[in-house]
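Results of the structural survey
Each chain is listed here by its residues.
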Amino acid sequence: VQLQASGGGLVQAGGSLRLSCAASGSSIHAMGWFRQAPGKEREFVSAIRWSGWSGGTTYYADSVKGRFTISRDYAKNTVYLQMNDLKPEDTAVYYCASGRPILSTIRTGGGYSAWGQGTQVTVSS
């Protein structure tokens, strides 16, 4: 599986961005978004595990719950991360990852076999 992340950019606090992660080469079963800010460890942001043709189970970090929404387009094999009410602390490189994580690893990065190249999100105050 190859992942292509896009949609990052510079936005003012309170603004919105939508990240996309397009998968090619194979079907995917789950996708997660992680981020890493300078000098900090990688952290979980959100994930979605497929459920049927159009549904999915979603997961969010507490820090983004209520502001970010993850969704998927099954036909396009693409996952989106809609980010609203962005804050300066959301500034980071965002990475998408796909694979077959189990429930206990979906937030830790375990079980993800493919990672995208990362897209920079910068939120100015």
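Before reading on, note that the structure itself is shown above.
Conventions we followed
- Residues numbered from 1 in each chain as written.
- Predicted model: local features only at pLDDT ≥ 70, side-chain atom pairs only at ≥ 80, totals over all residues.
- Heavy atoms only, no water.
- Salt bridge = Lys/Arg side-chain N within 4 Å of Asp/Glu carboxyl O.
- Buried < 20%, exposed > 50% of the residue type's maximum accessible area, 1.4 Å probe, protein only.
- Helix = DSSP H or I, 4+ residues; strand = E, 2+ residues; numbered from the N terminus.
- Phe/Tyr/Trp six-rings, centres within 6.5 Å; stacked < 30°, edge-to-face > 60°.
- Lys NZ or Arg CZ within 6 Å of the ring centre and 35° of its normal.
- Pairing = 2+ DSSP bridges.
- Axes fitted to C-alpha atoms, helices over the stretch in contact; angles between N-to-C directions.

1. A closer look at the pattern of salt bridges
Under the defined criterion, the tally for this structure stands at four salt bridges. A salt bridge links Lys 65 to Asp 62; its shortest N-O distance comes to 3.3 Å. One exposure class covers both Lys 65 and Asp 62, and it is exposed. For Arg 67, the salt bridge is made with Asp 90, and the minimal N-O distance between the two is 2.8 Å. Taken together, the positions of Arg 67 in the loop between strand E6 (55–60) and strand E7 (68–73) and Asp 90 in the loop between strand E8 (78–83) and strand E9 (92–99) put the pair 23 residues apart, joining distant regions of the chain.

2. Some thoughts on the packing of aromatic side chains
For the structure shown, the criterion picks out four aromatic pairs. Ring centres of Phe 34 and Phe 44 lie 5.7 Å apart, and the angle between their planes is 70°; on these two criteria the pair is classed as edge-to-face. Taken as a pair, Phe 34 in strand E4 (residues 30–36) and Phe 44 in strand E5 (residues 43–51) lie far apart in primary sequence, ten residues in all. The interplanar angle of 50° and the centroid separation of 5.2 Å between the aromatic rings of Phe 34 and Trp 115 together place this pair among those described as tilted. Taken together, the residues span a long stretch of sequence, with Phe 34 in strand E4 and Trp 115 in strand E10 (residues 112–115) at a distance of 81 residues. Residue Trp 115 is classed as partly exposed on the basis of its relative accessible area, which comes to 30%. When the ring centre of Tyr 80 is taken as origin, the NZ or CZ atom of Arg 18, which lies over that ring, is 4.2 Å away.

3. Details of the sheet that holds E7
Strand order in this open sheet of four strands is E1-E3-E8-E7, and the pairing throughout is antiparallel. The open sheet terminates on both sides in strands that have one partner only, identified here as strand E1 (2–6) and E7. Neighbour to neighbour, the strand axes of the sheet diverge by 15° on average, direction disregarded. With five bridges connecting them, E1 and strand E3 (residues 17–24) associate as antiparallel partners.

4. Brief notes about unusual backbone geometry
Positive phi outside glycine occurs at Asn 77, with the angle close to 55°. With respect to the element layout, Asn 77 can be found in the loop between E7 and E8. On the basis of relative accessibility, which here comes to 18%, the residue Asn 77 falls in the buried class.

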